[in-house]
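Structural overview
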Amino acid sequence: MGKIHVLDQYIANQIAAGEVVERPASIVKELVENSIDAGSSEITINVLDGGLSAIQIKDNGQGIAPEDVEKAFLRHATSKIKSAKDLLRVKSLGFRGEALPSIAAVSKVTLRTSDTKTGQGLEVYLEGGKILSTKQLAFNQGTEIVVEEIFYNTPARLKYLKSLQTELGHIIDYVNRLSLAYPQIAFSLTHNNNLILRTNGDNQLLHVISAIYGTSVAKGMVSFEKSDMDFRIFGFFSKPEITRANKSHISIYINGRYIKNYLITHSIIKGFKDLLMVNRFPITVIHISMDPSLVDINVHPAKLEARFSKEQELLKLVEIAINDALAGQSLIRNAIKNEERAKISYQVSEQPSLPLKVNEEQLRSSSRRIIPQEDTSTLSEVPIIAANQDELLLEVDQQFTTTEASSGKLPVLVPLAQFRGTYIIAQGEEGLFLIDQHAAHERINYEKYLSLLDQEQTACQNLLIPINLEFSNSESRLLNTRIAEFHNYGIEIESFGRQSFIVRSTPLWMPKGQEKDLLEQMAQMLLSDNTINEEALRKDLIAEASCKNSIKANKSLTLSEMESLIVQLGATQNPFSCPHGRPVIVHFSVLEIEKLFKRVV
Ligand code: ADP
Ligand code: MG
């Protein structure tokens, strides 16, 4: 007797459910995607107790024909594809025919649907995947599915679920992402009868962003758009002053499908150049459309990955799209907090708003309006660096003082005075400006060093007295293998005994007197990170050198020194932030000042 037999459908569905239905949020995802595929313009999602008690999804889509209702619960039953060649051109979100049977296998499901406008509909009720009742009822065109007691028949799975708050967090996250994907659909999400998200379906992506993040964030978003023969990209990103501590607020969509893609995320960040602070990330929504045959979405159903051809072209296009849009922006930060300004100038929307990634604290108060804390504090986060005795005077640099070199990125500014030996107070037509003198000089030096580095013949300057560097035995062994990398930077270095190295020349851009420090740092970088890329290393070193070589805080400047600094700053590519991403200049508009003094209302 053979030992192999075919599993019955009931067990097969339970096994499949293990893949498709990981947690309540996966049910929400699958059902909402079905509603989207059915052409709905309104989708209502009501959730009880983080989805653990019940999930109800109602749509006004095309509905299911009475003769199809039972079939919809069979495995691999779908109306969306017929043959293998359809797989290459899938436009719908679903096509595997696995969701309904999998969900039904591990819960109690009621489905009501009608595919006609006559008001005639059908209701089926299933437990553990078995249809227990079917009846006719009056129903408007569309579909309503209620899923109750998730995992009631698989106690082991139930045990794996996290707290109600965590599960709800995942649900909100999905619905937020889907609503950003489909601004033309009106979504509503409630939890225990509290409204969490409502979008109006007016096809304005910015309105959806506003519903999720609040009006003040929406006001700080910049739109971008770019296309070539293969791709069309459009979306919004937040100005560098509005950032988050992680990348989860970067939402990427390919042909309307939310995906996670490290490379695209990286291109977005690269598009910001050095405008972002270390470990701060923009809020970004990016829609990419391309011929479906260029994407392979036929990967694991619960995973959010996609592979696509012409990847390099796409990555470059994303980076350029972001960078071009940034170039057209005035990025001088406003001194008055965004939120404050929203109160002054705009009516605050009544929409509830939750950050895309919610945290426990925020969920506990999900009925309150929550505006994520902005990173707009200005003066308080600028580090004050103690004055140094032998500071460098602000040299007048031929290359950067000519007025015609001005890129016009800054308005015309006239210095008035210096505040606390640290900030230049300047006025322009548009109001009052504060400039952090250290950050400004850092930016000037940074771009100067960068351009020196670009001139290939930078090469070396011979040192009058060679520099001796010492390392531990294991470090010097490792460094010996990387000597060539030092040579790439124009550093003439050779091993000198077992644990030391001797440096006879350094590149031009290395500030005099700081060579040893920088060389040691460079060695440490090579030692601590084997994969460090050359460009990042150079930029880091340059940022470091610019910082060390710049006028510090608590250093008094004459008016003409201030003027020279402003002119040089105006000639830089990016006068708005220092190489570490901190703001260089903040702005108080005339209107805001007048409002503060109640001269205008
Ligand atoms: P898939 O979405 O991969 O086709 P599902 O198991 O999610 O598989 O759904 C099976 C079928 O049921 C779908 O192909 C569709 O025809 C039908 N269906 C499911 N949900 C809806 C809905 N909300 N509106 C209309 N039809 C639906
Ligand atoms: Mg589906």
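Refer to the structure presented above.
What counts as what
- Residues numbered from 1 in each chain as written.
- Chains lettered and ligands numbered in written order.
- Predicted model: local features only at pLDDT ≥ 70, side-chain atom pairs only at ≥ 80, totals over all residues.
- Heavy atoms only, no water.
- Helix = DSSP H or I, 4+ residues; strand = E, 2+ residues; numbered from the N terminus.
- Buried < 20%, exposed > 50% of the residue type's maximum accessible area, 1.4 Å probe, protein only.
- Contact = heavy atoms within 4.5 Å.
- Pairing = 2+ DSSP bridges.
- Axes fitted to C-alpha atoms, helices over the stretch in contact; angles between N-to-C directions.

Take the overall build of the chain next. Each helix and strand counted, the chain has 20 helices and 25 strands in total. Counting over 601 residues, the chain shows a buried share of 52%. Within the chain, residue pairs in contact and separated by at least 24 positions form 72% of the contacts whose partners lie at least 6 positions apart.

The next subject is the sheet that holds strand β20 (residues 423–428). The 5 strands are arranged β18-β25-β21-β20-β19 in an open sheet whose pairing can be described as mixed. The strands lining the two open edges of the sheet, one partner per strand, are β18 (333–334) and β19 (414–419). Pairing between β19 and β20: 5 bridges, direction antiparallel. From the neighbouring strand, valine 414 faces β20, where its bridge partner is glutamine 427. Packed on one face of the sheet, helix α19 (residues 559–570) meets β19, β20 and β21 (431–436) and runs near 115° to β19.

Okay, the sheet that holds strand β24 (residues 500–507) next. The strand order across the open sheet formed by 3 strands is β22-β24-β23, and the pairing between neighbours is antiparallel. Both edges of this open sheet fall to β22 (460–470) and β23 (492–495), since each of them pairs with a single strand only. On average, each strand axis in the sheet is tilted by 15° relative to the strand beside it, whichever way the strands run. With 7 bridges joining them, β22 and β24 adopt antiparallel strand pairing. Within the sheet, the bridge partner assigned to asparagine 462 lies in β24 and is serine 505. Packed onto the sheet, helix α17 (residues 515–528) meets β22 and β24 and runs at close to 60° relative to β22.

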